[in-house]
Amino acid sequence: MPFLQTLFGPEVFAAALRVMVPLLLVSLGGLLTKQAGIENIGLEGLMLIGCFSGFVVNYYTSSWIAGLIGGVVFTTLTALLFGVFVISLRAHEIVTGVAINMLGLGVTTYLLRAIFGVKGAFTDPRVQGIPTLDIGFLKEIPVIGTIFHKQSIMVWIGLALVFAVHFMLYHTRFGYYIRAAGENPQALATSGVSLLRTLYMTVLIHGVLCGLGGAYLSTGYLTQYVENMSAGRGFIAMAAIAFGGAKPLRVFFSAILFAFVESLSSRLQLVQVPSYFALMVPYVVTIVVLAVTSWREKQKSKTRVI
Amino acid sequence: MKIFRKLLLPFISLCAFLVSLVIGTVIILLNGDNPLVAYGALIEGAFNGMSNLAGTLSSATPLIFTGLGVAVAFKGGMANIGAEGQLYMGGMAAALVGVYLPLPGFLLIPVALLAAFLAGGLYGLIPATLKIKTGTNEVVTTLMLNYVAILFTSYLVNYPFKAPGAPLGMTVNIQKAARLPLLYPGSRFNVGFLLAIAACILVAVMFRYTGAGYEMRMLGRNSIFSKYIGVDVNARTLQCMFLGGGFAGIGGAALVLGIQYRFVQNISPGYGFDGLTIALMAGFSAIGVIPMAILFGALRSGGLTMELATSVPSELSKVIQAVIILFMAAQVSFSKYFTEFMTGLRHRREKKQGTGGS
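Given the structure is predicted, the values throughout are model-derived calculations rather than measurements. (Residues numbered from 1 in each chain as written. Chains lettered and ligands numbered in written order. Predicted model: local features only at pLDDT ≥ 70, side-chain atom pairs only at ≥ 80, totals over all residues.)

### Some details on the overall build of chain B
Note the following rule: Only DSSP runs of H or I covering at least 4 residues are called helices, and only runs of E covering at least 2 are called strands; the numbering of each starts at the N terminus. For the radius of gyration, the atoms used are the C-alpha atoms, and the globule rule reads 2.2 Å times the number of residues raised to 0.38. Residues are called buried when their C-beta atom has 20 or more other C-beta atoms within 10 Å, exposed when it has 12 or fewer, and partly exposed otherwise; all C-beta atoms are positioned from the backbone. Throughout, a residue-residue contact means that the two C-beta atoms, derived from backbone geometry, are no farther apart than 7 Å.
Counting its secondary structure elements, chain B contains 14 helices and 0 strands. The C-alpha radius of gyration of chain B comes to 22 Å, within 12% of the 21 Å expected for a compact globule of 358 residues. Each principal axis of the C-alpha distribution contributes one length, and for chain B these read about 90 × 60 × 35 Å. For chain B, with 358 residues in total, the buried portion stands at 55%. Within chain B, residue pairs in contact and separated by at least 24 positions form 78% of the contacts whose partners lie at least 6 positions apart.

In structure tokens:
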């Protein structure tokens, strides 16, 4: 069955893992703000800024570590801007998110042309890709070996961060504050914890994660920057967060699912099936899941009243 | 005090615009260009001479429709982030009518516009229905539906309706009779602009003078209160989203029948999202949408002239736009600070007078 081999071979899973990492990192960032009660639709813009600034810093330093740090710094600064408007100035979160997306696209496209005089795609040998981790003994195992033995360092960091974020949210005091800020900010404030500080810390950590995800996109499996490179991944991350109920482990599984769909969609074209419908899957699934969960909550609250 | 409150929003809009101009100036200076030359080129490209003005107004036309679509929905309490998707659906419907329907010329345009209105409106009903039936937050659903619409129309123009031999997904040209009549030859400035103005006036009248409009406004201000006084919240929510989606859909038709003359994949450079900015700056007023849309149309068409005259990329206008949105989003805070500042001033003055008198 060469058809199924094309669609479900271990190479597809290996590709899915690469595709998943940026999605996963941005989703982890976004779920933190979601847990803290901030709906952020600016993930796309943050990711794009991480993607671009990571690439540019990497270009000037020829160091992938510096590139990652650069991506993180600039993205975190943008996240801070988002935080100042949403937290301190009490701006409408959705509208601010739209502005951040527009800012991300505008600034990166503008600077790509202003700095490099390029429109479209840009690549340079000076840019050093994030190295892969060659794990010798994994190679021996048939399927798992193909999937895991030569993956980027960021794949492993991403997987570790899933558990780190889970641990932070559910097993540390600060994670408890984050969740309290989302569920009952008054109670948190009454208990003497600074709501402002909790929210700002959350927004900053979310910026770091988005920056990592963005920088991986342009210096990870490709060492190339393309205009509007995030190409909707920030919105798929929102879908993954909604689908996973903003819980790290569940979000991780939705990120795997959506990444698999994405790498599947490019394979589907190889077997002459329009990829457009496959690409729609994350959005449609999210809408359906959101509707079902909201409906169930509505039913629950109805019975509670009776 | 009442006049002061009325003027506050335009004042903050103006401030947001000025701040973004200042930021734009800094960027232009960093770019090594003369801001006066750059802005001069922008204004000249947008307004100088009939043909430039026609260019500005023709790019403003779809923006008025999407801005109106967003404004109507927001006014009725629906945060419609989905104008982009509604525009795609409407544009597609208009293109299909314009290409395939063998109608006599004088019927073709009205039918195509109606089809666009229905397509956009029905697409807007999806999130509205989900909201009233299940309580799903419309922000995420309208946002997601944008991408569904973009992908769906891309599929349509790449497979079933693809023009033979076209390098990328697009339909064949619409019939000549389906083109919106031009108002200024040599440009794409067309009747659609007048229709857009008429639509805004119609909506403003509806909100101001009809019971339905009153109930929608009430709903947008306070849904619980509206329910108590007997407004059919579900029906009004649906109507409001249908109208909003419909106008955004006609925005797509304006693009297809008035500018491109066919449906091309990814046809809109973010007109739906621009519509959100425009509606926001207009304070969701239907009439206010018109000048704001013209301003954004000017930024779009003038930006290109600026790019030719200087080395400032036209993407600068996007950055400026983002700054404007940021400030508009925070306007409630700003107006609060501003009001506090003003009352503080008054108190101080009164105090001074008090101490002076004693």
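The discussion continues.
### Re the overall build of chain A
Secondary structure summary: chain A contains 13 helices and 4 strands in total. Against the 2.2 N^0.38 benchmark of 19 Å for 306 residues, chain A shows a C-alpha radius of gyration of 20 Å, consistent with a compact globule. The C-alpha extent of chain A, read off along each of the three principal axes, is 60 × 50 × 40 Å. When each of the 306 residues of chain A is scored for burial, the buried share is 49%. Considering only contacts within chain A whose residues lie at least 6 apart along the sequence, 73% involve residues at least 24 apart.

### Structural notes on unusual backbone geometry
Residues and elements named next belong to chain A. Phi is positive for Ala246, which is not a glycine, with a value near 60 degrees. Residue position: Ala246 is located in the loop between helix H11 (233-243) and helix H12 (248-270). Residue Ala246 is classed as buried on the basis of its 21 C-beta neighbours within 10 Å.

### Here we look at the interface of chain B and chain A
Each side of the interface is counted separately: chain B has 35 residues, and chain A has 40 residues. Top element by residues in the side of chain B that touches chain A is helix H6 (residues 138-158) of chain B. It accounts for 11 residues.

### Notes on helix H5 (residues 105-134) of chain B
Residue and element names in this part refer to chain B. The condition that has to hold: For a helix, the expected span equals 1.5 Å multiplied by the residue count minus one. For a residue, the bend is simply the angle between two axes, fitted respectively to the seven-residue segment ending there and the seven-residue segment starting there.
The end-to-end C-alpha separation of H5 is 44 Å, in line with the 44 Å expected for 30 residues at 1.5 Å each. Of all the bends in H5, the greatest, near 25 degrees, is centred on Ile126, and the proline Pro127 appears no more than four residues after it. Residue Gly135 follows H5 closely and has a positive phi angle near 80 degrees.

### Quick word on helix H11 (residues 271-281) of chain B
Among the 11 residues in H11 of chain B, 11 count as buried, and that is most of the element. Among the residues trailing H11 of chain B, Gly283 of chain B stands out with phi positive, at a value near 60 degrees.

### Concerning the packing of helix H8 (residues 173-183) of chain A against helix H10 (residues 195-219) of chain A
A pair of packed helices is captured by two measures, namely the crossing angle of their axes and the spacing between those axes. Residue and element names in this part refer to chain A. Test applied: Only the stretch in contact is used when fitting a helix axis, every axis being a line fitted to C-alpha atoms; angles between N-to-C directions are given from 0 to 180 degrees. Comment on the angle field: the value is read as roughly parallel under 35 degrees, roughly antiparallel over 145, roughly perpendicular from 65 to 115, and oblique elsewhere. Three classes are used, and their members are as follows: Ala, Val, Leu, Ile, Met, Phe, Trp, Tyr, Cys and Pro are nonpolar, Asp, Glu, Lys and Arg are charged, and the others, Gly among them, are polar.
Relative orientation of the contacting elements H8 and H10 amounts to 105 degrees, with a least axis distance of 10 Å. Our classification of the angle between H8 and H10 gives roughly perpendicular. For the pair formed by H8 and H10, the contact residues are Tyr177, Ile178 and Ala181 on the first element and Leu195, Thr198, Leu199 and Thr202 on the second. Broken down by class, the residue content of the contact of H8 with H10 amounts to 5 nonpolar, 2 polar and no charged.

### Remarks on the packing of H5 of chain B against H6 of chain B
Residue and element names in this part refer to chain B. What counts, and what does not: A clockwise turn of the near helix away from the far one marks a right-handed crossing, whereas an anticlockwise turn of less than a right angle marks a left-handed crossing.
Here H5 crosses H6 at 150 degrees, and the two axes come no closer than 10 Å. Comparing the axis directions of H5 and H6 gives the class roughly antiparallel. In the crossing of H5 with H6, the sense of the turn from one axis to the other is right-handed. Residue-level inspection shows Tyr123, Ile126, Pro127, Leu130 and Lys131 of H5 in contact with H6, the latter providing Glu138, Thr141, Thr142, Leu145 and Ala149. Across the contact of H5 with H6, the residue classes break down as 6 nonpolar, 2 polar and 2 charged.

### Describing the confidence of the model for chain B
Residues and elements named next belong to chain B. Where we set the bar: How sure the predictor is of each residue is captured by pLDDT, a score from 0 to 100.
For chain B, per-residue confidence averages 88 on the pLDDT scale, and 95% of positions sit at 70 or higher. Confidence, expressed as mean pLDDT per element, reaches its minimum in chain B at helix H14 (residues 331-357) with 69 and its maximum at helix H4 (residues 83-100) with 97. Across the interfaces of the predicted complex, the ipTM metric reaches 0.84, alongside a pTM of 0.84.

### Comments concerning the environment of Gly54 of chain A
Residues and elements named next belong to chain A. Take Gly54: it is sitting in helix H3 (residues 43-61). Taking the C-alpha atoms as reference points, Gly54 and Ile65, separated by 11 residues in sequence, lie 9.4 Å from one another. In this view, Gly54 contacts Gly67, Leu68, Gly70, Gly71, Gly214, Ala215, Ser218 and Thr219; residues no more than four positions away in its chain are not counted.

### Considerations on the environment of Glu215 of chain B
All names here are of chain B. As for its placement among the helices and strands, Glu215 is situated in helix H8 (residues 211-221). Between the C-alpha atom of Glu215 and that of Arg236, which follows or precedes it by 21 residues, the distance is 7.5 Å. Leave out the neighbours within four places in its chain, and Glu215 touches Ser226, Val231 and Arg236.

### Overview of the environment of His166 of chain A
Residue and element names in this part refer to chain A. Assignment of secondary structure puts His166 in helix H7 (residues 153-171). Judged by the 18 C-beta atoms lying within 10 Å of it, His166 is partly exposed. Filtering out sequence-adjacent residues up to four positions away, His166 remains in contact with Pro248 and Leu249.

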